[in-house]
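Tertiary structure, described
So the chains spell out like this:
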Amino acid sequence: MWDLKTEGFTGVKELSTLCRQDLGNRSCSRRGWKVWHMENDTPSRGESVPLKPGANSQENPGADTLESLEEGRLPGSDWSPTEAGHSWSEAGPEPSTWRILQPFQRATRFCREHKQLIRRICIGLLCTGYAAFLLAACILNFRRALALFVLTCVVLAFLAYGLLKRRLALFLLTCVVLASLPSGLLKRLLVPQLGRFKKPEAQPSLKLWAKRGLALAALLFLVLWLSLDTSRRPEQLVSFAGMCVFIAILFACSKHHRAVSWRAVSWGLALQFVLGLFVIRTEPGFIAFQWLDDRIQVFLSYTRAGSTFVFGENLVNDVFAFQYLPIFVFFSCVMSVLFYVGLMQWLILKIAWPMQVTMGTTATETLSVAAKLFMTKIEVPLLLRSHVADMTLSEIHVVLTAGFYTIAFSALLAYVSFGNDAASLIAASVMAAPCTLALSKLVYPEVEESKFKREEGVKLTYGDARNLIEAVSSGATISVKVVTRIAANLIVNLAMLAFINAVLSWLGNMVDIDGLSFQLICSYILWPVAFLMGVAWEDCPVVAELLGIILFVDEVVAYQELSKYKQRRLAGAEEWAGTRKQWISPPWSPNGRATSPGSCSEHSSQMPV
């Protein structure tokens, strides 16, 4: 029997030579082929045996394959010129299957060899089409296309920065290499020019005084700003004092007091302050976040269209689960698609960049804070699961803290569907991002050497979809687990809250205390916290109760209660019902007048901050 492993390629070549010699007189057949073999199962040059294939021709697959190719047909095919009723000598060679497939193979080989060129041509065509579309939209109605124009400018700015950063790094590396050359003509010519690219070596005392000067200038600016901004309403200083109290408490609880990076703390608070000014005090900031509010309402309408078709309009309008939970399913699919095309990774990197540059934090911890704006507290660690084993304790502390500093975008959509103001929730979440990173570094400073100081070695992984359809399907599958977990937690938490309130009410009746409940206890314990956050004194019990529900029960219940307070105020209900307040007072604008009820946000809508 023919053994490919024993004879190797030599026997195959000899077999092919014999067949080609016999093809001249057309006398080569399957049972006429002979191969060299040796005695005792070892092929020998002196003897040959006839090839006897089995019923399925599996005893000698190498010979079968070669025979098929010599007869002009693909391996495994039953077609041959002899079976068609004519011989090769009479009709001549006809086009075989492998010859028909040659153009496709050549096209595949061409695409593989010129893959980069084809990719650039496709990207160029898409960019040209998008530029033409944007130009036409701006010419027809620039105000209508303003949002698209601004987003395009932001993306181009980030792309230009990335390109400049790569080119500048390459240029500086070239300069360093040339400067390290031995003495010669090239070095004598280039060293004077490269001197301006070298970082000036300042004395330690000069650098220290420069830092102190910048810190003093920032402090003077803050004092001047507060004195001018709070001249009409001095009660605004309460929130500033509260921030100082919170920082002092966290510093007292710090793990390593002497290792605290005050650069990260100060820059985190400064970024929060700047974002707050942009959102609250500027017209472009208000317009931008109001535009986001409108887009979120449109996004929710898509979710409602799908859930209405499946469950019916009555269930979606009346049943909490059918109104709230489908939002997670739809948003999970959207996130899976965005991660598949690479847009979400790019967006997270660009959001994390300013925090990492200014605060001096590592890549993994900064990316976890940026990713929490869009993902849940369970999904963020999975996004960095390939790097968790090498992260320091301080970086892990940041990841855990980021899971609680704000709400994921999917949950935010659900809270907006309750009736809460989307612009206020988005503003509070964005403002909280740098502040959370700063306070986490204050509580648990970095005392180890991190392996992720730069973002080049960090990879964000989310799913393993191989195409767009699979990305949508995997996103829906993942959301089922999330929705089930949310529903189970809501059932358990609300059941436990009802049980605790029943026990507290029973105990309160024994000592003539009516209405004793868990919410009432939280309203008294967390009253100082709400007051230091800047909440009006008369609204502190309500906000403290909501804070207690968030901390000890579930934030879904808290935001649903918050929407009820807003709906009562918009409906014109009485402010007080006995000793309990029915709605939260609206915030005040800088000129001392109350904002309109439909556009303002309650104090407690900024609870994530």
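Please refer to the structure placed before this passage.
Below is a summary of the structure that appears in this document. In this text, all values refer to a predicted model and were calculated from it rather than measured experimentally.

Here's the deal with the environment of leucine 425
- Among the secondary structure elements, leucine 425 is positioned in helix H22 (residues 422–443).
- Of the residues examined, leucine 425 reaches a relative accessible area of 2% and is grouped as buried.
- Counting along the chain gives 136 residues from leucine 425 to phenylalanine 289, while the straight-line C-alpha distance between them is 9.9 Å.

Regarding helix H12 (residues 262–281)
- Between its first and last C-alpha, H12 extends 27 Å over 20 residues, near the 28 Å set by a 1.5 Å rise per residue.
- Against helix H11 (237–252), helix H13 (283–311), helix H17 (343–359) and H22 lie the buried residues of H12.

Observations regarding the nonpolar core
- Tyr324, Ile348, Met375 and Tyr415 are the most contacted members of the largest nonpolar core, which totals 82 residues.
- With 9 residues, the top contributor of residues to this core is H22.
- Beyond its immediate sequence surroundings of up to four residues, tyrosine 415 is in contact with Tyr324, Ile407, Asn420, Leu425, Glu555, Val556 and Tyr559.
- Core analysis: the next-biggest nonpolar cluster, separate from the first, contains 6 residues, Val260, Val265, Leu269 and Cys435 among them.

Details of a nonpolar patch on the surface
- Among the surface-exposed residues, Ile491, Val492, Met496, Phe499, Ile500, Val503, Trp506, Leu507, Met510, Val511 and Ile513 lie close enough to one another that they form a single nonpolar patch of about 1,100 Å² accessible area.
- Summarising the element assignment, methionine 496 is placed in helix H23 (residues 468–510).

Overview of empty space enclosed by the protein
- Tallying each qualifying case throughout the model produces 2 cavities of 30 Å³ or more.
- The computed volume of the largest cavity comes to approximately 110 Å³.
- Of all the elements in the fold, those that place two or more residues in the lining of the largest cavity are helix H16 (326–341) and H23.
- When residues of the lining of the largest cavity are assigned to their parent elements, the largest contribution, 4 residues, is made by H16.
- Grouping the constituent residues of the lining of the largest cavity by class yields 7 nonpolar, 4 polar and 1 charged.

Digging into the packing of aromatic side chains
- Throughout the structure, instances matching the rule amount to 17 aromatic pairs.
- Aromatic pair phenylalanine 331 and phenylalanine 409: ring centres 5.5 Å apart, planes at 35 degrees, arrangement tilted. Of this pair, phenylalanine 331 sits in helix H16 while phenylalanine 409 sits in helix H21 (residues 409–417); the two residues are 78 residues apart in sequence, bridging distant segments of the chain.
- A relative accessible area of 7% places phenylalanine 331 in the buried class.
- Among the aromatic side chains, those forming a connected cluster through ring pairs are Phe320, Tyr324, Phe328, Tyr415, Phe418 and Tyr559.
- Just above the ring of tyrosine 565 sits the side chain of arginine 568; from NZ or CZ to the centre is 5.2 Å.

A few points about the side chain of serine 307
- Looking at where serine 307 falls in the secondary structure, it is placed in helix H13.
- Separated by 3.2 Å, the side chain of serine 307 and the backbone oxygen of arginine 304 make a polar contact.
- With residues up to four places along the chain from it excluded, the contact list for serine 307 reads Gly312, Val316, Phe322 and Pro326.

Overview of the pattern of salt bridges
- The full count for this structure, using the stated rule, is 10 salt bridges.
- In this structure, aspartate 539 engages lysine 581 in a salt bridge whose closest nitrogen and oxygen atoms are separated by 2.3 Å. Taken together, the residues aspartate 539 in the loop between helix H25 (527–532) and helix H26 (540–552) and lysine 581 in strand S4 (residues 580–581) connect sequence positions 42 residues apart. Residues aspartate 539 and lysine 581 agree in their burial class; the two are buried.
- Here glutamate 575 and lysine 581 are joined by a salt bridge, their closest N and O atoms 3.2 Å apart.
- On the basis of relative accessibility, which here comes to 27%, the residue glutamate 575 falls in the partly exposed class.
- A cluster of three or more residues bridged by salt bridges with shared partners is formed by Glu365, Lys441 and Glu446.

Cut-offs used in this document
- Residues numbered from 1 in each chain as written.
- Predicted model: local features only at pLDDT ≥ 70, side-chain atom pairs only at ≥ 80, totals over all residues.
- Heavy atoms only, no water.
- Helix = DSSP H or I, 4+ residues; strand = E, 2+ residues; numbered from the N terminus.
- Buried < 20%, exposed > 50% of the residue type's maximum accessible area, 1.4 Å probe, protein only.
- Expected span 1.5 Å × (residues − 1).
- Contact = heavy atoms within 4.5 Å.
- Core = buried A, V, L, I, M, F, W, Y, C linked by side-chain atoms within 4.5 Å.
- Patch = residues over 30% accessible without salt bridge, like charges linked within 9 Å, V, L, I, M, F, W, Y side chains within 5 Å.
- Areas by Shrake-Rupley, 256 points an atom, 1.4 Å probe, with all protein chains shown as cover.
- Salt bridge = Lys/Arg side-chain N within 4 Å of Asp/Glu carboxyl O.
- 1 Å grid on protein atoms, 1.4 Å probe; cavity = no way out; pocket = protein on both sides within 12 Å on 5 of 7 lines; lining within 4 Å.
- Points joined across faces, edges and corners; volume = space filled by probe spheres on them.
- Nonpolar A, V, L, I, M, F, W, Y, C, P; charged D, E, K, R; others polar.
- Phe/Tyr/Trp six-rings, centres within 6.5 Å; stacked < 30°, edge-to-face > 60°.
- Lys NZ or Arg CZ within 6 Å of the ring centre and 35° of its normal.
- Polar contact = N/O pair within 3.5 Å; in protein donor to acceptor, adjacent residues only side chain to side chain.

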